[in-house]
Protein chains: 2
Amino acid sequence: MIAGTERSPRKPKGRGAERREEILDAAQRLFTERGVMAVTTREIAAAVGISQPALYAHFHSRDEILVDLCERSFRALAERMAALPLGVRDRAGFLEMCRVYIDFGLEQPDAYRVAFMLEAKASEAAQLEARILAAGLDTFEDFRARLAQLVDAGMTRSGDARLLAQSLWSGLHGLVSLLLARREFPWVDIETLVARHLELLADGILATDPVTPRR
Amino acid sequence: MIAGTERSPRKPKGRGAERREEILDAAQRLFTERGVMAVTTREIAAAVGISQPALYAHFHSRDEILVDLCERSFRALAERMAALPLGVRDRAGFLEMCRVYIDFGLEQPDAYRVAFMLEAKASEAAQLEARILAAGLDTFEDFRARLAQLVDAGMTRSGDARLLAQSLWSGLHGLVSLLLARREFPWVDIETLVARHLELLADGILATDPVTPRR
DNA sequence: CGGCTGACTTATCAGTGATAAGTGATCAGT
DNA sequence: ACTGATCACTTATCACTGATAAGTCAGCCG
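Position numbers for residues start from 1 in each chain and track the written sequence from start to end. Starting at A for chains and at 1 for ligands, labels are handed out in the order in which the entities are written. Two thresholds apply to this predicted model, a pLDDT of at least 70 for residue-level local features and 80 or more for giving and counting side-chain atom pairs, whereas whole-chain, interface and lining totals are computed over all residues. Heavy atoms from the whole structure form the basis of all side-chain values; hydrogens and water molecules are not counted.

A. Region of the structure containing the overall build of chain A. Counting from the N terminus, the helices are the DSSP runs of H or I reaching at least four residues and the strands are the DSSP runs of E reaching at least two. For chain A, the count of helices and strands is eight helices and zero strands. Ordered by position in the sequence, the α and β elements of chain A form the string α-α-α-α-α-α-α-α. Burial here depends on accessible area, computed with a 1.4 Å probe over protein chains only, as a share of the maximum for the residue type. Under 20% is buried, over 50% is exposed, and the range in between is partly exposed. Here chain A, with 215 residues, has 52% of them falling under the buried criterion. A contact between two residues is defined here by any heavy atoms of the two lying within 4.5 Å. In chain A, the share of contacts with a sequence separation of at least 24, taken over all contacts with a separation of at least 6, comes to 72%. Using a 1.4 Å probe, accessible areas were evaluated by the Shrake-Rupley method; residue-level cover was limited to the displayed protein chains. For chain A, the exposed surface amounts to about 10200 Å²; the carbon and sulfur share of it is 54%.

In structure tokens form, the structure reads like this:
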């Protein structure tokens, strides 16, 4: 498979930390194409143009690549959330925040799967899982803070922003993860389902709010 | 089940189809103890007391064991649902149905994980995934039928039972799967979270219903 | 008896994630 | 300019995985 003749023209594409990013890019692309479980370290290495053991100079294990991608995904979601205006305290703002979450999951299914639907393999899972948890906590905190604004504005049925955030997160995650995991399920029109689901969550979380009437 | 009680020092513990059930039992127990991904076919075989290749006389692949367990899990959930009274058309009945789902997931996390959070490995995934889908469809249909009763009684905000069922299922699955996948997350008190989440879903799905006032 | 069947065995496969040991380019220090 | 250390990389190899092939042996039927 290896043509020895073209050994020399190998050009050091990325040195040091750049190579790490290269590997992560290739891994994410392969995971997207063929599924997280189906991609081997040899394939990832080949995609980058290096040998398989070379991966272990940059990552301690295959799972660590996954965890890094997980953190990446959470960061991407957090950035999308951060792009939202902060002070919105009406139903429309609530729906928009939810929509960002759902869209992120549906548009980047592989990233979402890696972030939320990853099963730790074993062994040193403790340490890696802790990193996943920490990454998720940051994103969740942003989420909670935004809900707290609605709570402070007296717009919610419950006064516990943490409780509300966890419940809402569950509601959003449920839809995204089911849509991703059971793509072949006879779903109703997805746009309709998403819209109605968000209305459901809004109805369940927000108090009746004549200021922002439902259309 | 009707296992040959003759425990001769040698092999014939279970004959024919009984051996298949034995394998499934052992697999489920091991998956529970150490996680689905961490258990090997050799361990399963050892737990049953046969050699590893002997498994392949009963199952075409390791994944097929998983799919069988998946169908089993769906059947267990369906049985729990079937144990509920059929004609209930109030908020309490709605909550009870949801509670059955949540309790099933939390009490049998391994079964739930196998049923809903399984990632197909590759290759002939198509055929196996189809079986998973079919098993899930049956259970979903029961779910939908019960919601349809509430729709017929005019108790719901939307008239589309299928849409409501998919949305509600998402809401329930989201909570269960997150609780299972992120056990170390700083959840609020779980009983409180579950109770409030169900109220949220009820508020979002059921129309205001003076007959069954919220406490 | 002799042959058949089927659940089982041992032996073995290719492929996996991971480790060990060695190669060669780069570069600071003398 | 010569070191010698460092670093990213290589090849060779590990233990182990899921899966297959071929042979073994009990029990049954003619």
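After that view of the structure, there is still more to cover.
B. How the structure looks around the relation of the copies chain B and chain A. A least-squares superposition brings the copies together, and it is based on the C-alpha atoms of residues with pLDDT no lower than 70 in both. Structural alignment of chain B on chain A gives an RMSD of 0.1 Å, achieved by rotating through 180° and translating 0.0 Å along the axis. In short, the pair behaves as if placed about a two-fold rotation axis. Minimal C-alpha separation from the rotation axis in chain B is found for Gly174(B), amounting to 1.6 Å. The residues that chain B uses at the interface reappear at the interface of chain A in 100% of cases, marking a shared surface.

C. Main features of the protein's contact with DNA strand C. Nearness here has a simple test: a residue counts as near a molecule or strand if at least one of its heavy atoms is within 4 Å of that partner. In the vicinity of DNA strand C there are 15 residues, among which Gln52(A), Tyr56(A), Arg19(B), Ser51(B) and His58(B) approach most closely. Of what DNA strand C places within 4 Å of the protein, 52% of the atoms are sugar or phosphate. At a separation of 2.4 Å, a phosphate oxygen of DNA strand C approaches a polar side-chain atom of Tyr56(A). When the residues that make up the surface near DNA strand C are grouped by side-chain class, the tally is six nonpolar, six polar and three charged. Polar contact is defined as a pair of N or O atoms within 3.5 Å, subject to the rule that within protein one atom must be able to donate a hydrogen and the other to accept it, and that residues adjacent in sequence are counted only when both atoms are side-chain atoms. Throughout, the ten residues Ala, Val, Leu, Ile, Met, Phe, Trp, Tyr, Cys and Pro are labelled nonpolar, Asp, Glu, Lys and Arg are labelled charged, and all others, Gly among them, are labelled polar.

D. Representation of the protein's contact with DNA strand D within the structure. Taken together, the neighbourhood of DNA strand D is formed by 18 residues, with Arg19(A), Ser51(A), His58(A), Thr41(B) and Tyr56(B) sitting nearest. When the atoms of DNA strand D within 4 Å of the protein are sorted by group, sugar and phosphate make up 56%. The contact in question runs from a phosphate oxygen of DNA strand D to an N or O atom on the side chain of His58(A), over 2.7 Å. For DNA strand D, a phosphate oxygen lies 2.8 Å from a polar atom in the backbone of Arg62(B). Classifying every residue of the surface near DNA strand D by side-chain character gives seven nonpolar, seven polar and four charged.

E. Quick peek at the nonpolar core. Membership of the largest hydrophobic core comes to 142 residues, with the highest contact counts inside it found for Phe94(A), Leu168(A), Phe94(B) and Leu168(B). The residues touching Leu168(B), leaving out its near neighbours within four places in the chain, are Phe94(B), Met97(B), Cys98(B), Phe143(B), Leu147(B), Leu201(B) and Ile205(B). We call a set of buried Ala, Val, Leu, Ile, Met, Phe, Trp, Tyr and Cys residues a nonpolar core when their side-chain atoms join them within 4.5 Å.

F. Region of interest: the side chain of Asp110(A). All names here are of chain A. You can see Asp110 is positioned in helix α5 (residues 109-116). The side chain of Asp110 is buried and forms no salt bridge, while Arg113, the nearest opposite charge, is found at 6.5 Å. Residues within four places of Asp110 in sequence aside, it is in contact with Gln28 and Thr32. In summary, the charge assignment counts Lys and Arg as positive and Asp and Glu as negative, without counting His or the chain termini. Salt bridge, as used here: a side-chain nitrogen of Lys or Arg that lies within 4 Å of a carboxyl oxygen of Asp or Glu.

G. Molecular detail of the interface of chain B and chain A. On the side of chain A, 47 residues touch chain B, which itself brings 47 residues to the contact. Accessible-area loss on putting two parts together, using a 1.4 Å probe and summing over both, is the definition of buried area adopted here. For the pair chain B and chain A, the summed buried surface comes to about 4400 Å²; carbon and sulfur atoms form 65% of the total. On inspection of chain B and its partner chain A, the count reaches two salt bridges. Linking chain B with chain A are 16 residue pairs in polar contact (both at pLDDT 80 or more). Counting only elements with at least two residues in the side of chain B that touches chain A, the list comes to α5 (109-116), α6 (125-152), α7 (161-181) and α8 (190-205) of chain B. If you tally residues by element for the side of chain B that touches chain A, the top one is α7(B), at 13 residues. Each residue belonging to the side of chain B that touches chain A can be placed in one class, and the counts come to 24 nonpolar, twelve polar and eleven charged.

H. Inspection of the pattern of salt bridges at higher detail. This model, assessed by the stated rule, comprises 32 salt bridges over all chains. Across the pair Arg131(A) and Glu71(A) runs a salt bridge whose closest N-O atoms are separated by 3.1 Å. Highlighted residues: Arg131(A) in helix α6 (residues 125-152) and Glu71(A) in helix α3 (residues 62-82), separated in sequence by 60 residues. For Glu71(A), a relative accessible area of 21% translates into the label partly exposed. The salt bridge partner of Arg157(A) is Asp203(B), with a shortest N-O separation of 3.0 Å. Placement of Arg157(A) in the loop between α6 and α7 (161-181) and of Asp203(B) in helix α8 is noted, with the two residues assigned to different chains.

I. Here's a closer look at the environment of Arg19(A). Residue and element names in this part refer to chain A. Tracing the backbone through its elements, the reader meets Arg19 in helix α1 (residues 17-34). The exposure class assigned to Arg19 is buried, which follows from its relative accessible area of 14%. Counting along the chain gives 36 residues from Arg19 to Leu55, while the straight-line C-alpha distance between them is 9.5 Å. Polar side-chain contacts of Arg19 include one of 3.1 Å to the side chain of Glu22.

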